[in-house]
Amino acid sequence: MERYYQPEIECASREQILAWQNERLVKQVRNVWDNVPYYRKKMEEKGLTPDDIKGVADLHKLPFVTKDDLREAYPYGLVARPLKDCVRIQSTSGTTGKRVVAFYTQHDIDLWEDCCARAIVAAGGTNEDVCQVSYGYGLFTGGPGLNGGSHKVGCLTIPTSSGNTERQIMFIKDLNATILCCTPSYAAYLGESMKEMGMSPEDIPLKAGIFGAEAWSEEMRQDIQKTLGIKAYDIYGLTELSGPGVSFECSAQTGMHINEDHFIAEIIDPNTGEVLPDGTQGELVFTSITKEAFPLLRYRTRDICVLSREKCPCGRTHVKMSKPRGRSDDMLIIKGVNVFPSQIETVLIAQGYQANYQMIVDRVNNSDTLEVMVEMTPENFSDNLGKITEMEKHLVSALKAMLGIYAKVRLVAPKTIARSEGKAVRVIDKRKI
Amino acid sequence: MTVYQISVFLENRTGQLAEITKILGDNQIDMRAISIAETADYGVLRLIVDQPQKTTSILLSQGFVLSQTPVVVVTVPDQPGGLAPVLQLIADGGIDIEYMYSLFTHKEGNAYMVFRVSDDEKFTSLLAQNGIAVANRQELGITD
């Protein structure tokens, strides 16, 4: 039977959700107009006043907020509460060189942790569970968010943070961890390390994992579920909006329910900014309607996905988003073709390789080149060079079929591609250097 | 008493081979034969050693990808034309050679050739019928 952390909210009627959104949006627009000069200026430039926004139907009138705005307003320009009311700062990992600093009141933290608690309960968590949080703690939102959510559910929480893989495995085994929270690439790495230590899924008590903070494919899910013997749930979030828990997967595992009582989601055409109908692929835009310290209106996430309002068998009524199919800024244009790293991952896992890879994009004689470094696995190795070459050819043609362009494959020895315990570096684009 | 070859995946990187041979040396492992098949980007190192089990576990623990492959080691007279009859047998028997290489070790006017062929059983019976000796592990000093 499906369990919920806040059933009256998670299973509320669509009318009720819309009523919450209308009321909270109007209040939030008034709040930023009164308290954030940066927003007031942006609204005035469009000739808007708070009176123009009477509900969700008027949302499209508001200007977008982008990462550039966050950078320009850094550090306090978008803060809507006096700093004496703020209790926490979190920051993005800065992988793209654009560090974002977000502020929280105690109320903001409470709501954020509620969102994470919803995700843990959706993954089957109760106060009987032992929840190991192997996301990084500190400025990164992964650790603190899931840690707070785990406390709210009443799980016995193991705050291992990331790193020290052998200790992670020892704690899972010795302290009977039943739920694991970390990035999917780290989950895959833990599975691989366990295998090396001669352990099988039956040797550990884990039953579920909540994995997010980076893109992962359906194939990678199957892989992790098999090697760890668990059900693997996706969780989505952004530091800008709070952190993990903006949306989360339920038992159906067919998309992530967006916590619509806190966030209004829109899908837009990334080129024109036009709002697209549900079911259309486009860039995800969020408006945080309950945030006190760091409210964002129509924030462009750069994540490309699809929203679905189809009835979910889990009973939750909140809209579902697909796994992001790529980021409009992760998307590479190689030989004029759009390439997402997640496509390569899909092919690799289907061909029996590890999802650990690195793409090297370069420009040689004014022509783009793509090389994919792939680690050799014991399963794909043979004493017969011809057989290896054959497998390599299969991989090249599978990549060609997926991407539409030729990618050179370079087989490398195991563990030669750096594994990070935070986010994996998948792309080296030498054209930019 | 089948002889097993250890096949190791080699990335085409400076020092890879030196690294492996140093590991073997440090662990007092004696090589009987070494052969490499390569493309521009990677290769397969094939080894016959005196302690194949020990070698396998050491290399695995160092993170190498490898496999063990049964091979046939044939005693061949170390003189002009010594190898030709063996190859003729293989050709007449319709057997394909995947690869072959020689051992460092010699014995009383004989050399040893390592064969990996498409049909081991047929190959060994043809050798036996024609009085060509196949070397076993004791003869090659393979201990584990």
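Each remark here, short or long, concerns the structure printed above.
Keep in mind that what you see is a predicted model, and the values were worked out from it rather than measured. (Residues numbered from 1 in each chain as written. Chains lettered and ligands numbered in written order. Predicted model: local features only at pLDDT ≥ 70, side-chain atom pairs only at ≥ 80, totals over all residues. Heavy atoms only, no water.)

**Some points on the overall build of chain A**
A count of helices and strands for chain A gives 11 helices and 20 strands. Looking at chain A residue by residue over its 433 residues, the buried ones come to 57%. The long-range fraction of contacts in chain A, counting pairs at least 24 apart against all pairs at least 6 apart in sequence, stands at 66%. When the accessible surface of chain A is split by element, carbon and sulfur atoms take 51% of a total near 17,900 Å². (Helix = DSSP H or I, 4+ residues; strand = E, 2+ residues; numbered from the N terminus. Buried < 20%, exposed > 50% of the residue type's maximum accessible area, 1.4 Å probe, protein only. Contact = heavy atoms within 4.5 Å. Areas by Shrake-Rupley, 256 points an atom, 1.4 Å probe, with all protein chains shown as cover.)

**A few points about the environment of Glu371 of chain A**
Residue and element names in this part refer to chain A. Structurally, Glu371 can be placed in strand E18 (residues 367-375). For the pair Glu371 and Val409, spaced 38 residues apart in sequence, the C-alpha separation works out to 5.8 Å. Other than its neighbours up to four places away in sequence, Glu371 contacts Gln358, Met359, Ile360, Lys408 and Arg410.

**Observations concerning the sheet that holds strand E19 (residues 408-412) of chain A**
Residue and element names in this part refer to chain A. The strand order E19-E18-E17-E20 describes an open sheet built from 4 strands, whose pairing is mixed. Where the open sheet ends on each side, the last strands, each with one partner, are E19 and strand E20 (427-429). When the angles between neighbouring strand axes are averaged without regard to direction, this sheet yields 20°. Bridge count between strand E17 (residues 357-364) and E18: 8 bridges; the pairing is antiparallel. The partner of Val361 across the bridge, within E18, is Leu370. In the packing of helix H10 (residues 341-350) onto the sheet, the strands contacted are E17, E18 and E20, and the crossing angle to E17 comes to about 125°. Along the sheet, helix H11 (residues 385-403) contacts E18 and E19; its crossing angle with E19, the most-contacted strand, is approximately 135°. (Pairing = 2+ DSSP bridges. Axes fitted to C-alpha atoms, helices over the stretch in contact; angles between N-to-C directions.)

**Observations concerning the side chain of His257 of chain A**
Residues and elements named next belong to chain A. Note that His257 resides in strand E9 (residues 256-258). Among the polar contacts listed, one links the side chain of His257 to the backbone oxygen of His318, at a separation of 2.8 Å. Setting aside residues up to four positions removed in sequence, His257 forms contacts with Val246, Ser247, Phe248, Cys250, Cys312, Cys314, Arg316, His318, Val319 and Lys320. (Polar contact = N/O pair within 3.5 Å; in protein donor to acceptor, adjacent residues only side chain to side chain.)

**Some thoughts on the pattern of salt bridges**
Applying the stated criterion across every chain, the model contains 33 salt bridges over all chains. Arg32 of chain B is paired through a salt bridge with Asp30 of chain B; the nearest N and O atoms lie 2.9 Å apart. When its relative accessible area of 42% is taken as the criterion, Asp30 of chain B is described as partly exposed. Salt bridges here are not isolated pairs; linked through shared partners, they connect Arg14, Glu260, Asp278 and Arg309 of chain A. (Salt bridge = Lys/Arg side-chain N within 4 Å of Asp/Glu carboxyl O.)

**Things to note about the sheet that holds strand E5 (residues 97-107) of chain B**
Residue and element names in this part refer to chain B. Pairing in this open sheet of 6 strands is antiparallel, and the strands run E2-E3-E1-E4-E6-E5 from one edge to the other. Of all strands in the sheet, those with a lone pairing partner are strand E2 (31-38) and E5, marking the two edges. Taken pair by pair, the neighbouring strands of this sheet meet at an average axis angle of 35°, ignoring direction. Direction of pairing for strand E1 (residues 3-11) relative to strand E3 (residues 42-49): antiparallel, over a ladder of 6 bridges. Bridge pairing links Ser7 to Arg46 in E3.

**Side note on helix H5 (residues 106-122) of chain A**
The terminal C-alpha atoms of H5 of chain A, which comprises 17 residues, lie 24 Å apart, in line with the 24 Å expected from a rise of 1.5 Å per residue. Of all 17 residues making up H5 of chain A, 14 are buried, and the element is well covered by its neighbours. (Expected span 1.5 Å × (residues − 1).)

**Notes on the pairing of E2 of chain B**
All names here are of chain B. When E2 meets E3, the two strands line up antiparallel, connected through 7 bridges. Directly across from Glu38, in E3, lies its bridge partner Gly43. What sits between the antiparallel neighbours E2 and E3 is a turn of 3 residues.

**Observations concerning the state of the cysteines**
Residue and element names in this part refer to chain A. For the structure shown, the criterion picks out 0 disulfides over all chains. Free of any disulfide, Cys181 has its nearest neighbouring cysteine sulfur in Cys131, separated by 3.7 Å. A relative accessible area of 0% means that Cys181 is categorised as buried. With no disulfide of its own, Cys182 has Cys181 as its nearest cysteine by sulfur position, at a separation of 7.7 Å. A relative accessible area of 0% places Cys182 in the buried class. (Disulfide = S-S within 2.5 Å.)

**A short note on the interface of chain A and chain B**
Every contact between the two is made by 18 residues of chain A and, on the other side, 21 residues of chain B. Across the chain A to chain B interface the summed buried area is about 1,500 Å²; carbon plus sulfur atoms make up 62%. The largest share of the area that chain A buries against chain B comes from Phe381, Asp383 and Leu385 of chain A, three residues that together contribute 46% of it. Run the count over chain A and chain B and you get 2 salt bridges. In this structure, the salt-bridge partner of Asp41 of chain B is Lys408 of chain A, at a minimum N-O distance of 2.6 Å. The tally of links from chain A across to chain B stands at 7 residue pairs in polar contact (both at pLDDT 80 or more). Going through the elements one at a time, H11 and E19 of chain A are the ones with two or more residues in the side of chain A that touches chain B. (Buried area = accessible area lost by both parts, 1.4 Å probe.)

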